[in-house]
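Chains, contacts and geometry: an overview
One-letter residues, chain by chain:
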Amino acid sequence: GAGVSQSPSNKVTEKGKDVELRCDPISGHTALYWYRQSLGQGLEFLIYFQGNSAPDKSGLPSDRFSAERTGGSVSTLTIQRTQQEDSAVYLCASSLQGASNEQFFGPGTRLTVL
Amino acid sequence: GESVGLHLPTLSVQEGDNSIINCAYSNSASDYFIWYKQESGKGPQFIIDIRSNMDKRQGQRVTVLLNKTVKHLSLQIAATQPGDSAVYFCADQEGGFKTIFGAGTRLFVKA
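A short tour of the structure in this document, coming up. No experiment lies behind these values; they were computed from the predicted model shown.

What counts, and where the lines are drawn
- Residues numbered from 1 in each chain as written.
- Chains lettered and ligands numbered in written order.
- Predicted model: local features only at pLDDT ≥ 70, side-chain atom pairs only at ≥ 80, totals over all residues.
- Heavy atoms only, no water.
- Helix = DSSP H or I, 4+ residues; strand = E, 2+ residues; numbered from the N terminus.
- Rg over C-alpha atoms; globule rule 2.2 N^0.38 Å.
- Buried < 20%, exposed > 50% of the residue type's maximum accessible area, 1.4 Å probe, protein only.
- Contact = heavy atoms within 4.5 Å.
- Areas by Shrake-Rupley, 256 points an atom, 1.4 Å probe, with all protein chains shown as cover.
- Lys, Arg positive; Asp, Glu negative; His and termini not counted.
- Charge placed at Lys NZ, Arg CZ, Asp CG, Glu CD.
- Buried area = accessible area lost by both parts, 1.4 Å probe.
- Salt bridge = Lys/Arg side-chain N within 4 Å of Asp/Glu carboxyl O.
- Polar contact = N/O pair within 3.5 Å; in protein donor to acceptor, adjacent residues only side chain to side chain.
- Pairing = 2+ DSSP bridges.
- Phe/Tyr/Trp six-rings, centres within 6.5 Å; stacked < 30°, edge-to-face > 60°.
- Disulfide = S-S within 2.5 Å.

**Some words on the overall build of chain A**
Helices and strands together make up the secondary structure of chain A, namely 0 helices and 11 strands. Taken against the 2.2 N^0.38 rule, which gives 13 Å for 114 residues, the C-alpha radius of gyration of chain A at 13 Å falls within 12% of a compact globule. Reported as C-alpha extents along the three principal axes, the dimensions of chain A are approximately 35 × 25 × 25 Å. Within chain A, buried positions represent 48% of all 114 residues. Contacts spanning at least 24 positions in sequence make up 54% of the contacts within chain A whose residues lie at least 6 apart. Carbon and sulfur atoms form 45% of the exposed surface of chain A, whose accessible area is close to 5300 Å². Of the charged side chains in chain A, 10 are positive and 11 negative; the average position of the first set lies 4 Å away from that of the second.

**Examining the interface of chain B and chain A**
Of the residues lining the interface, 17 residues belong to chain B; the matching set on chain A comes to 23 residues. With both chains or domains summed, chain B and chain A bury close to 1600 Å², and 57% of this area falls on carbon and sulfur atoms. Area buried by chain B at its contact with chain A is led by B:F97, B:K98 and B:F101, which between them contribute 38% of it. Our count for the chain B to chain A interface comes out at 0 salt bridges. There are 4 residue pairs in polar contact (both at pLDDT 80 or more) connecting chain B and chain A. Among the secondary structure elements, those contributing two or more residues to the side of chain B that touches chain A are β4 (32-38), β5 (45-51), β9 (86-93) and β10 (99-101) of chain B. Sorting elements by how many residues they give to the side of chain B that touches chain A places β4(B) first, with 3 residues.

**Overview of the pairing of strand β4 (residues 31-37) of chain A**
Residues and elements named next belong to chain A. Buried residues dominate β4, accounting for 7 of its 7 residues. Side chains A31, Y33, Y35 and Q37 of β4 all project onto a buried face; the interleaved residues L32, W34 and R36 project onto the opposite face, where all are buried too. The pairing of β4 with strand β5 (residues 43-50) spans 7 bridges and is antiparallel. Its bridge partner lying in β5, R36 is registered against E44. Here β4 hands over to β5 after 5 residues, with G40 in that stretch at a positive phi of 70°. Pairing between β4 and strand β9 (residues 88-95): 7 bridges, direction antiparallel.

**Side note on the packing of aromatic side chains**
Under the counting rule described, the total for this entry stands at 12 aromatic pairs over all chains. Between A:F105 and B:F101 the ring centres are 6.2 Å apart and the planes differ by 85°, which places this aromatic pair in the edge-to-face class. Taken together, the residues span two chains, with A:F105 in strand β10 (residues 104-105) and B:F101 in strand β10. With respect to burial, A:F105 and B:F101 carry one shared label: buried. Ring centres of B:F89 and B:F101 lie 6.3 Å apart, and the angle between their planes is 75°; this geometry places the pair in the edge-to-face category. With B:F89 in strand β9 and B:F101 in strand β10, the pair connects residues that are 12 residues apart, well separated along the chain. In terms of burial, B:F89 and B:F101 fall into one category: buried. A connected cluster of aromatic rings, assembled from ring pairs, spans A:Y33, A:Y35, A:F45, A:Y48, A:F105, B:Y36, B:F46, B:F89 and B:F101.

**Examining the state of the cysteines**
Residues and elements named next belong to chain A. Tallied over the entire structure, the rule returns 2 disulfides over all chains. Here C23 is linked by a disulfide to C92, with a sulfur-sulfur distance of 1.8 Å. Taking the sign of the S-S torsion, about -65° here, the bridge from C23 to C92 comes out left-handed. Residue C23 is located in strand β3 (residues 19-24), and its partner C92 is located in strand β9; the two are separated by 69 residues in the primary sequence. The same class applies to C23 and to C92, which are both buried.

Right, dumping it as structure tokens:
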């Protein structure tokens, strides 16, 4: 079956532009997570969704970052007025029910802000 | 604050030997721990997990040990193979969804 997919796989943008990153979770998975991974670093938790709601947004780095999920499926992570420090790989994961369940990761979107 | 860290950033082992990757965590309230493997250009892949009411769990060629007294987690890989070469992350959760990852250990397997 299909795994978690993310698009685009690579995104190059200019400083100050807005970007949208998309995540398609595994069908039937109710929980969805966004992480950021800088080069050679671990994963930084950004946000998670249980269904369409995001109970914990504490990981979002600034108010330039927002995320939504519709229909309990696709999620988009939006970064407004991108900065060079936003350059990283953005990873999405989904899990069947959420807490204490295996997370399945997508391949990530590599974002480069020039 | 919460932090999950690793003792050694790089580990090099001979093919066929056993590997041990260590991890220290700081949140004594963490109740779920996970090891992930990440190969170059790919997302992390689940290896094994353990809940805080256990101190050992075994999978296929892998064993996770949890010592809550000293807040230490380890991953043991038996008969390490070249395909095991990757970056390994430990992670923890406290009563919910937010998952905190460590910085990672790169494992090199020498043929």
